[in-house]
4 protein chains.
Amino acid sequence: MCTAATYLTKDFYIGRTLDYEFSYGEEITILPRNYPIPFRFMGIRENHYAIIGMAHVAGNYPLYYDAINEKGLGMAGLNFVGNSVYRKPEGVKDDVAQFEFIPWVLSQCANLDEARALLDRMNLTDTPYSEHFPSAGLHWILADRTGALTIESVADGLKIYENPAGVLTNNPPFDQQMFLLNNYIGLSPKQPENHFSEQLPLSCYSRGMGALGLPGDLSSASRFARAAFTRLHSVSGDSEEESVGQFFHILGSVEQPRGCCEVADGKYEITIYTSCCNATRGIYYYTTYTNHQITAVDMHRENLDGNELIHYPMLQQERIFHQN
Amino acid sequence: MCTAATYLTKDFYIGRTLDYEFSYGEEITILPRNYPIPFRFMGIRENHYAIIGMAHVAGNYPLYYDAINEKGLGMAGLNFVGNSVYRKPEGVKDDVAQFEFIPWVLSQCANLDEARALLDRMNLTDTPYSEHFPSAGLHWILADRTGALTIESVADGLKIYENPAGVLTNNPPFDQQMFLLNNYIGLSPKQPENHFSEQLPLSCYSRGMGALGLPGDLSSASRFARAAFTRLHSVSGDSEEESVGQFFHILGSVEQPRGCCEVADGKYEITIYTSCCNATRGIYYYTTYTNHQITAVDMHRENLDGNELIHYPMLQQERIFHQN
Amino acid sequence: MCTAATYLTKDFYIGRTLDYEFSYGEEITILPRNYPIPFRFMGIRENHYAIIGMAHVAGNYPLYYDAINEKGLGMAGLNFVGNSVYRKPEGVKDDVAQFEFIPWVLSQCANLDEARALLDRMNLTDTPYSEHFPSAGLHWILADRTGALTIESVADGLKIYENPAGVLTNNPPFDQQMFLLNNYIGLSPKQPENHFSEQLPLSCYSRGMGALGLPGDLSSASRFARAAFTRLHSVSGDSEEESVGQFFHILGSVEQPRGCCEVADGKYEITIYTSCCNATRGIYYYTTYTNHQITAVDMHRENLDGNELIHYPMLQQERIFHQN
Amino acid sequence: MCTAATYLTKDFYIGRTLDYEFSYGEEITILPRNYPIPFRFMGIRENHYAIIGMAHVAGNYPLYYDAINEKGLGMAGLNFVGNSVYRKPEGVKDDVAQFEFIPWVLSQCANLDEARALLDRMNLTDTPYSEHFPSAGLHWILADRTGALTIESVADGLKIYENPAGVLTNNPPFDQQMFLLNNYIGLSPKQPENHFSEQLPLSCYSRGMGALGLPGDLSSASRFARAAFTRLHSVSGDSEEESVGQFFHILGSVEQPRGCCEVADGKYEITIYTSCCNATRGIYYYTTYTNHQITAVDMHRENLDGNELIHYPMLQQERIFHQN
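Nothing here was measured: the structure is a model prediction, and the numbers come from that model.

Before going further, it helps to spend a moment on the overall build of chain A. Of the regular secondary structure elements, chain A holds 5 helices and 21 strands. Taken against the 2.2 N^0.38 rule, which gives 20 Å for 324 residues, the C-alpha radius of gyration of chain A at 20 Å falls within 12% of a compact globule. Each of the three principal axes of chain A carries a C-alpha extent, and together these read 75 × 60 × 45 Å. Across chain A, contacts joining residues at least 24 apart in sequence account for 67% of those joining residues at least 6 apart. With an accessible surface of roughly 10900 Å², chain A has 49% of that area assigned to carbon and sulfur atoms. Where the 23 positive side-chain charges of chain A centre and where its 38 negative ones centre are 2 Å apart.

Turning to the sheet that holds strand β1 (residues 2-8) of chain A, a few remarks are in order. Reading across from one edge, β14(A)-β1(A)-β2(A)-β17(A)-β18(A)-β19(A)-β21(B) is the order of the 7 strands in this open sheet, with mixed pairing throughout. Unpaired on one side and paired on the other, β14 (167-168) of chain A together with β21 (321-322) of chain B mark the two borders of the sheet. Where β1(A) meets β14(A), 2 bridges bridge the pair, whose relative direction is antiparallel. From the neighbouring strand, A:Ala5 faces β14(A), where its bridge partner is A:Val167.

A few words now on the sheet that holds strand β12 (residues 147-154) of chain B. All names here are of chain B. The 8 strands are arranged β13-β12-β11-β8-β7-β6-β3-β20 in an open sheet whose pairing can be described as antiparallel. One side of each edge strand has no neighbouring strand; the edge strands of this open sheet are β13 (157-162) and β20 (310-313). Direction aside, the axes of adjacent strands within the sheet are offset by 30° on average. The pairing of β12 with β13 spans 6 bridges and is antiparallel. Of the residues in β13, the one forming a bridge with Ile151 is Ile160.

This part covers the relation of the copies chain D and chain C. Put simply, the second copy of the chain is the first one after a rotation about an axis and a shift along it. Expressed as a screw transformation, the operator carrying chain D onto chain C has a rotation angle of 180° and an axial translation of 0.0 Å, and the superposed copies differ by an RMSD of 0.0 Å. Expressed as an axis order, the relation between the two copies is that of a two-fold axis. The rotation axis passes nearest to the C-alpha of D:Gly216 in chain D, at a distance of 1.7 Å. Interface residue correspondence from chain D to chain C reaches 100%, placing this contact among same-surface, isologous pairings.

Glancing now at the packing of aromatic side chains. According to the stated counting rule, one finds 56 aromatic pairs over all chains in the structure shown. Residues B:Tyr20 and B:Phe22 carry aromatic rings whose centres are separated by 5.2 Å and whose planes lie at 65° to one another, so their mutual orientation is edge-to-face. Overall, B:Phe22 belongs to the partly exposed group, its relative accessible area being 38%. With 5.3 Å between their ring centres and 25° between their planes, C:Tyr61 and C:Tyr129 make a pair best called stacked. Of this pair, C:Tyr61 sits in strand β7 (residues 61-69) while C:Tyr129 sits in the loop between β10 (122-125) and β11 (138-144), and the two are 68 residues apart along the sequence. With relative accessibility at 18%, the residue C:Tyr129 sits in the buried group. Within the aromatic cluster, the residues linked to one another by ring pairs are A:Tyr61, A:Phe99, A:Tyr129 and A:Phe133. In this structure, A:Arg319 packs its charged tip against the face of B:Phe321, placed 3.8 Å from the ring centre.

Here we come to helix α2 (residues 112-120) of chain B. One turn of the α-helix equals 3.6 residues, which is why residues spaced by three or four share an orientation. Residue and element names in this part refer to chain B. Those residues of α2 not exposed but buried are Leu112, Ala115, Leu118 and Leu119. Along the axis of α2, the buried residues cluster in a sector spanning 115°; they form a single face. For α2, the exposed residues set more than 90 degrees away from the buried face come down to Asp113 and Asp120.

Here the second largest pocket is characterised by a volume of approximately 1100 Å³. Taken together, 35 residues line the second largest pocket, and the ones lying closest to its centre are A:Asp156, A:Asp175, A:Gln176, C:Asp175 and C:Gln176. The set of elements that each furnish at least two residues to the lining of the second largest pocket consists of β12 (147-154), β13 (157-162) and α3 (174-181) of chain A together with β12 (147-154), β13 (157-162) and α3 (174-181) of chain C. A breakdown of the residues in the lining of the second largest pocket according to their chemical character gives 18 nonpolar, 9 polar and 8 charged.

What follows deals with the relation of the copies chain A and chain C. After a rotation of 180° and a shift along the axis of 0.0 Å, chain A superposes on chain C with an RMSD of 0.0 Å. The fraction of interface residues of chain A whose copies in chain C are also interface residues reaches 100%, indicating that both copies meet through the same surface.

To continue, consider the UniProt feature "domain: Choloylglycine hydrolase/NAAA C-terminal" (unreviewed entry) in chain A. The sites that carry the UniProt feature "domain: Choloylglycine hydrolase/NAAA C-terminal" (unreviewed entry) are, in the present numbering, residues 2-312 of chain A. Between the C-alpha atoms that bound residues 2-312 of chain A the distance is 22 Å, and the span itself is 16% helix and 36% strand.

Bringing the interface of chain A and chain C into the picture now. Chain A puts 5 residues into the contact, and the matching count from chain C is 5 residues. Note on chain A versus chain C: buried area summed over both sides is about 430 Å², and carbon and sulfur give 71% of it. Three residues, A:Gln176, A:Phe179 and A:Leu180, lead the burial of chain A against chain C; their summed loss comes to 75% of the area buried on that side. Our enumeration of links across chain A and chain C arrives at 0 salt bridges. Remark: the boundary between chain A and chain C carries 0 residue pairs in polar contact (both at pLDDT 80 or more).

For the rest of this paragraph, the subject is the side chain of C:Asn171. Take C:Asn171: it is sitting in the loop between β14 (167-168) and α3. The class of C:Asn171 is buried, set by a relative accessible area of 10%. Leaving out residues up to four positions away in the same chain, C:Asn171 has contacts with C:Phe80, C:Val81, C:Asn83, C:Gln177, C:Ser220, C:Ala221 and D:Tyr205.

A word on the environment of A:Thr146. Residue and element names in this part refer to chain A. Tracing the sequence through the fold places Thr146 in the loop between β11 (138-144) and β12. You can call Thr146 exposed: its relative accessible area is 64%. In this structure, the C-alpha to C-alpha distance between Thr146 and Leu8, residues 138 residues apart in sequence, is 9.1 Å. Of note is the side chain of Thr146, whose polar atom sits 2.5 Å from the side chain of Asp144.

With that settled, the discussion passes to the pairing of strand β1 (residues 2-8) of chain D. All names here are of chain D. In terms of burial, β1 is largely enclosed, as 6 of its 7 residues are buried. Looking at chain direction, β1 and strand β2 (residues 12-20) are connected through 7 bridges and run antiparallel. Bridge assignment links Thr3 to a residue of β2, and that residue is Thr17. Turn length for the β1-β2 hairpin, with the two strands adjacent in sequence and antiparallel, is 3 residues.

On average, residues of chain A score 97 in pLDDT, and 100% of them are at 70 or above. With a pTM of 0.97, the predicted complex shows an ipTM of 0.97.

Grouped together as the largest cluster of nonpolar side chains are 72 residues, with contacts concentrated most on A:Ile28, A:Leu181, A:Tyr285 and D:Phe196. When residues no more than four places from it in sequence are discounted, the contact partners of A:Leu181 are A:Phe224, A:Ala225, A:Ala228, D:Phe196, D:Leu200 and D:Leu202.

Contacts between the two partners involve 72 residues from chain D and, on the opposite side, 72 residues from chain C. Overall, the association of chain D and chain C removes approximately 6200 Å² of surface from exposure, summing both partners, and the carbon and sulfur fraction of that is 51%. Among the residues chain D hides against chain C, the three largest losses belong to D:Arg207, D:Gln323 and D:Asn324. Together they make up 15% of the total. Where chain D packs against chain C, one counts 8 salt bridges. The salt bridge involving C:Arg207 is made with D:Glu269; its shortest N-O contact spans 2.4 Å.

This part covers the packing of α3(C) against helix α4 (residues 220-233) of chain C. All names here are of chain C. Two numbers describe how α3 lies on α4: the axes approach to 10 Å, and their chain directions differ by 60°. Classified by the angle their axes make, α3 and α4 are oblique. In this structure, α3 crosses over α4, and the sense of that crossing is right-handed. Mapping the contact onto sequence places Phe174, Gln177, Met178, Leu180 and Leu181 in α3 and Ser220, Ala221, Phe224, Ala225 and Ala228 in α4.

Scoring rules and cut-offs
Residues numbered from 1 in each chain as written. Chains lettered and ligands numbered in written order. Predicted model: local features only at pLDDT ≥ 70, side-chain atom pairs only at ≥ 80, totals over all residues. Heavy atoms only, no water. Helix = DSSP H or I, 4+ residues; strand = E, 2+ residues; numbered from the N terminus. Rg over C-alpha atoms; globule rule 2.2 N^0.38 Å. Contact = heavy atoms within 4.5 Å. Areas by Shrake-Rupley, 256 points an atom, 1.4 Å probe, with all protein chains shown as cover. Lys, Arg positive; Asp, Glu negative; His and termini not counted. Charge placed at Lys NZ, Arg CZ, Asp CG, Glu CD. Pairing = 2+ DSSP bridges. Axes fitted to C-alpha atoms, helices over the stretch in contact; angles between N-to-C directions. Least-squares fit on C-alpha atoms with pLDDT ≥ 70 in both. Phe/Tyr/Trp six-rings, centres within 6.5 Å; stacked < 30°, edge-to-face > 60°. Buried < 20%, exposed > 50% of the residue type's maximum accessible area, 1.4 Å probe, protein only. Lys NZ or Arg CZ within 6 Å of the ring centre and 35° of its normal. Arc of directions from axis to C-beta. 1 Å grid on protein atoms, 1.4 Å probe; cavity = no way out; pocket = protein on both sides within 12 Å on 5 of 7 lines; lining within 4 Å. Points joined across faces, edges and corners; volume = space filled by probe spheres on them. Nonpolar A, V, L, I, M, F, W, Y, C, P; charged D, E, K, R; others polar. UniProt positions renumbered as here; feature names shortened; annotations may be inferred. Buried area = accessible area lost by both parts, 1.4 Å probe. Salt bridge = Lys/Arg side-chain N within 4 Å of Asp/Glu carboxyl O. Polar contact = N/O pair within 3.5 Å; in protein donor to acceptor, adjacent residues only side chain to side chain. pLDDT = per-residue confidence, 0-100. Core = buried A, V, L, I, M, F, W, Y, C linked by side-chain atoms within 4.5 Å. Parallel < 35°, antiparallel > 145°, perpendicular 65-115°, else oblique. Left-handed = near helix turned anticlockwise from the far one by under 90°.

Printed below as a string of structure tokens:
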């Protein structure tokens, strides 16, 4: 389905894969400071932080999949089908429709602490954007350079988890995903020592045997373990190019090639796009299944004081550089 | 260490990852038809098929890692440390030094059938290129659009295996790698059926659970299984861009991110480059760890009747396309 | 730690392994109908169903580990350290100390339906038996021939789960154990079909490959999966000997040999005893680590109308039959 | 199919499981010193070491499955279908029919060193015992208190391997089984350390997590790993009862319960019997699927200077000890 991750070098990065069998048509969308955001139950916010992210734009409204704001806070929604349970608006707390959740947070919170306070008084509702866009079953990762949260609205209520792994995929719920990592506790980038038996002449016949047991399939629990292992052991320089490059390598470990996950006869889930947002500098980098080159959209190259959505199509054409 | 794969759509493709903790300095190198190839024991071949591939060029001699010729035959050498055993020159069969093996085959064989005949009368020797370049422990994949072979020179002699998986990694020997695939016989891109028990309400909580059991670590046997599964289930269009793109997705499934395979304190094996050769059209595509964009060198844009090596440096700089 | 299972042929069977590094001294203990049971908060029960089970007898009081009553209801307590949370007595519901739970249920419930009703109005308290016997962190399986329940007192409250697997081990909580079985959904006693690739000549090199992926270690989640697989696929005749024999084979699949689970330097968890109760006929069968022969204590060979505990030591001496 | 193991305390023990879907009718059979053994190509041996083991007796000839001799040397034949290749008698070396292999060795070798010398000049032939008993595809474990060998007659010739694991199962060939143990190199009876990430609060939620990754199914490679792990970490006292008891626990780890390995519709492979021979003292202990009690036949209670086979039926009836 999807995998999200965070990464910290000099700057803070957050991004995700979007894995699905078709695209709804999404665009890199900048929401400038003076675009009036109409919330269903909370009025219109006229002035706010600027946001850049991937969104399906419906009737001039950005349905964000993942985004950052100009203050360095980032957020992504990932499929959570079968576990997400939203509430009805109650008029007590802040009633926020699930499709508004990302702009609700990113428009007004400069960092994770502010977001924590906001989440405490929020009621996430199942209000659909329209009859054509029913409420999606999602959970979210919300992060800045100080840490990450996972937010899940389940039968039990709204759960807010610290996320020390800096990774989110899909089912099962986040606390179970974290629990399951215990099964991989001994895995390491270094070669294993022989604990099986000193009486046997065992040896490492290959490099990389310290992580034997790490799952390689595309299910959400396996992607969680693999992305967490890769992210937590990641080593890179801290320049922009090195950081962004390494980030795409991290999410590359859970990329879904066409053919390996057949969701219906002849229909395959693939990694439609992979994003990497420099949340510190407001740059949205992405690759698509059909274009390996990293493409960038920089919010600060736009007039952020405007009041109209700015959007760029996702470049899908493989851009091959011909060296001769 | 490394992974190689083949892929057939309208054209035939072969490529590989080169995984290591440092680079010897390799270049995309074209050996034109009239470059005189000096073989150690077999004289000089003045006229031959043109070759393009990745090579370390030492004293104007191309030490090829992987290459194709203009006829559609391709070949790659991969680490096989601890298992490869070469012979001494004997003057009976064709004595070929292991570093000459790729040009020996690609310079004179138009296809796999011709190569089979050539291999039958070959004696692979441990002769080093020079005292600075000792003989490397390798095994090879050799393929055209009709199929693939694996060639291993072991204690037992020279082994030539049909390779229906179209994949090669490193240890253990190829016949064992193929045997081990039996352990994954039930894995599928489709969701599994419930055979555990009809009495239990089991279900698939995520897409992609049909391949649970596929290993996700970076050891050579795990990469073999993962690359084979990905390649054998690969689905793509047959245009050049779709084919090349899909090929990089196949090898992406075994890419080595920096940090996940620590070979000495603070030293990490990474995928230095990934190649994809269109063997039908003579185009060498590649990406590097630090440059996600696909770069191409087309042998047919050069004068293939020349007698001098043509080489292009590997472009290492991340080429980001700025959309705004 | 421990594994419990149920089994149904003509009669109904329930039993368990007790896995630990030392024994507290337990005996097969019959509690006859007129032994007055003093409950801490619920008065004394003078007349009740007779019970047979394994207990540590402290001051003439049976601290049962596992037991059945004369009506065919059985129950076993298994370690649940780190997850069990008991309550304080409140005087509202039936306050039952955790050490009284087994006699509380088995003394008055003839079947699972009656037990369900009783559980609904119960408050499980952390009251210790004495300062020498602090409250143990446990959860329970409770079963008759119609089905099985798992009962867990956790931070969230008292959880009562239907248990279609008929198996209980230790951590994590039961709902997670059941969820994890989804990962084994495709496992089968039959040979797997080739879904990996029709292009490869894969085959089953051994019988029993349909269950590849079933874990073989002694951790509680792995024992849960292995015992569930074995129990759910179990095939036996329905005579007493065939049923009892098969039951010991089921729990044999998770037996802990000395040396394979080192809990402190030189201290090893082993399967101290394995029990199999014929709940229909009131017979307690057991083996111990040091005695492979099945030993039986039949409650109906005692005067069940008595008012004194009857207890038999566990026979620990290997009884070898010398055929010549 | 089958698993064999050795064990050394004060005395030396060797035994095996016989796993199959039906029995040919085997008996504990003593071959005394003066029973004339008719070899097909090597004459009749009139005087020799006495042997005790499990055999199908056909026409007064013992077709041994596993046996020991009075000198402390033991041997067992296990299924090796698809890999075993026998030779034709050639009249050069000692031509020995595969069905004669166990008496050939045990009748004349007092220890492993003498056996090594004998094996060096042996040619193992495919000669069947009779038209009703075609040659079986087997390989063998041969051991005394100093060590163990595995003997395999394959397409490549007769292979004699040192067997430091002290375990044998079935396919694949022994060198591959040993190689595969490298994949379990890090497994331990102790709890694992956290190498996954210091940033995560991972913990061991259960005892026994150090062996996570050990396979739990009944295929021959999985049984090999599980039996090797159990045997190599085994801890027991060195008395006869403790040693024999522990041995049955070792092989208990790979016992096949009825229902878990379906070889044809409604036909299940089970562990028909498990043996444990005290090779030092000449005692044959066994259990059967239907009788958990250990039964013993002691060769030294018979007249070993006789010239007639002595045989005892396998006791199949569950012998339950009734404690009240």
